[in-house]
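Tertiary structure, described
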Amino acid sequence: MGVDQNQTGEKLPDSHVFYRRLAHLHPLAERGEGIYLWDKDGRRYIDGSGGAAVVNAGHGVAEIAQAMFEQAASVAYAHGTMFSTEAIEDYSARLAALTPVETPRFYYLSSGSEAVETALKFSRQVNLARGKAARDVIISRWGSYHGTTLGALAVTGKPKMRTPFAPLMRDHPHIPPPYCYRCPFGATYPSCDLACAQALETEILNQGKDRVMAFIAESVGGATLGAVVPPEDYWPRIAQICERYDLLLIVDEVMAGFGRTGRWFGIQHFGVEPDIITMGKGITSGYFPLSITAVRDSDVQTILDAHGDFAHGGTFSHHAVGASAAQATLDYLEQHDLVTAAANLGTYLGQKLKAELGELPFVGDIRGLGMLWGVEFVADRKTKDPISPEAQFSRRVGDLAFERGVIFYPGSGSVDGVRGDHLLIAPPFIITESEIDVMVGLLREVVFEVWQEIK
Ligand SMILES: Cc1ncc(COP(=O)(O)O)c(C=O)c1O
């Protein structure tokens, strides 16, 4: 049925918690400061992936905690259909100045998945309001991740997450990703003439050009393929095709947004202005679960004119404490010029990874942008054959590094959904060059050890 059968006879830990890794003993996280976390036994960890590329500003920032406390103490919760708050109004005005969407409006929920659900439903309702009810197809990409809820999962291109739930989902079409290291067309950039972008046009025509309402993709690839950066003319070509066929262009910035790639949003590296942007993770650096869907004011007006309301909602939408956390995070990033730091230190991080790991016989590719880097492991550098999935290479590297006090974010399935190992490196932007040296040094030591064990 597409779920790994557990042959190990492992037992659940003695607890009432339904853990993310069922049989794994999770240490108790007790304290965080800067790039470090400490567990209850006093062990210190470098958070080399900011959790899941979340903790942009670092752990233990008192100003963010204080802003949340003050907001909660004055008013924590006021329902989104009944009230707005100064926190939401002020933050939205500041975010509008940073967001590359024409006259944006922001819809607030709690997770990146919900931001994606909002974007998909909004696209559908805009099309209904425009009198285009036949448009109900969303095109996305293989090798992508957009979330865990069934709508977001339906556009996600990660077979391992999709397969068990495939019967519950609408089967929206997926096109190949811009993954030059393993070009899905067997071509080489630039002589490929961006076959991966042209595939969007082919798929639109395949589906029927009056059926497709939107295209969704991550600006810079995230967890599924491991920080894959598209060629510079990929996004402009995609935007042209969307415009030609009147598709809404949804750019998912849940991982790449809020400075992670060295600009406020990943799409700003490519000079494209989407119709909709989804955001999450780094908005509050993890201090509050908050997500945002940015849409054009004119599209909201279209819905108001046609239907009166957006048929959507959420108990915790437009949360004042979330907005105060977001505002304080933005203050912190701006005051310490941390987006510039992400760009500069990110360059250093990339150079260091290439210098320390680039020549290892089992490292196939190192790619990334700003503070978002991926290392892809292979069994053979020449053939690019992946390591056997039974070896669980990236997971073992992640676990051993964790044991030694450095956290990375392992991933697998980048080649065909099952085979392929990679690791994300995405530390807080406050990391220093010497801390990067320590982190990358340990990564080299650990990958070597795991390679010796499995080969
Ligand atoms: C690009 C992207 N979109 C959406 C999501 C879903 O966000 P969440 O896990 O907060 O629901 C993620 C999470 O990793 C992501 O990386």
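Since the structure is predicted, the reported quantities are computational estimates derived from the model, not experimental observations.

1. Brief notes about the domain arrangement of the chain
Split by domain assignment, the chain resolves into domain 1 (29-60 + 337-454) and domain 2 (63-335). Between the C-alpha centres of domain 1 and domain 2 there is a distance of 26 Å. With 39 residues of domain 1 at the interface, the matching set in domain 2 holds 35 residues. Taken together, the two surfaces of domain 1 and domain 2 that pack against each other cover about 3000 Å², and 57% of this comes from carbon and sulfur. On the domain 1 side of the contact with domain 2, Val339, Leu369 and Leu372 bury the most area, a combined 20% of that side's loss. Applying the counting criterion to the domain 1 and domain 2 interface returns one salt bridge. A salt bridge links Arg182 to Glu376, with the shortest nitrogen-to-oxygen separation between them at 2.7 Å. In this structure, the connection of domain 1 to domain 2 is made through 21 residue pairs in polar contact (both at pLDDT 80 or more). Residue assignment for the side of domain 1 that touches domain 2 shows that the elements contributing at least two residues are α1 (50-53), α11 (338-357), β11 (363-369), β12 (372-377), β13 (409-412) and β14 (421-425).

2. With respect to the sheet that holds strand β7 (residues 212-218)
On the basis of which strands lie adjacent, the open sheet formed by seven strands has the order β4-β10-β9-β8-β7-β5-β6 and mixed pairing. The sheet is open, and its two borders are formed by β4 (104-109) and β6 (174-175), each paired with just one other strand. Across three bridges, strand β8 (residues 248-252) lies against strand β9 (residues 276-279) in parallel orientation. Among the inter-strand pairings, Asp252 is bridged to a residue of β9, identified as Thr278. Running at roughly 130 degrees to β4, helix α3 (residues 86-96) makes contact with β4, β9 and β10 (291-296) of the sheet. Against the sheet, helix α9 (residues 297-307) engages β4, β8 and β10, with an angle of about 80 degrees to β10.

Cut-offs applied
Residues numbered from 1 in each chain as written. Predicted model: local features only at pLDDT ≥ 70, side-chain atom pairs only at ≥ 80, totals over all residues. Heavy atoms only, no water. Domains from an automatic or database assignment. Contact = heavy atoms within 4.5 Å. Buried area = accessible area lost by both parts, 1.4 Å probe. Salt bridge = Lys/Arg side-chain N within 4 Å of Asp/Glu carboxyl O. Polar contact = N/O pair within 3.5 Å; in protein donor to acceptor, adjacent residues only side chain to side chain. Helix = DSSP H or I, 4+ residues; strand = E, 2+ residues; numbered from the N terminus. Pairing = 2+ DSSP bridges. Axes fitted to C-alpha atoms, helices over the stretch in contact; angles between N-to-C directions.

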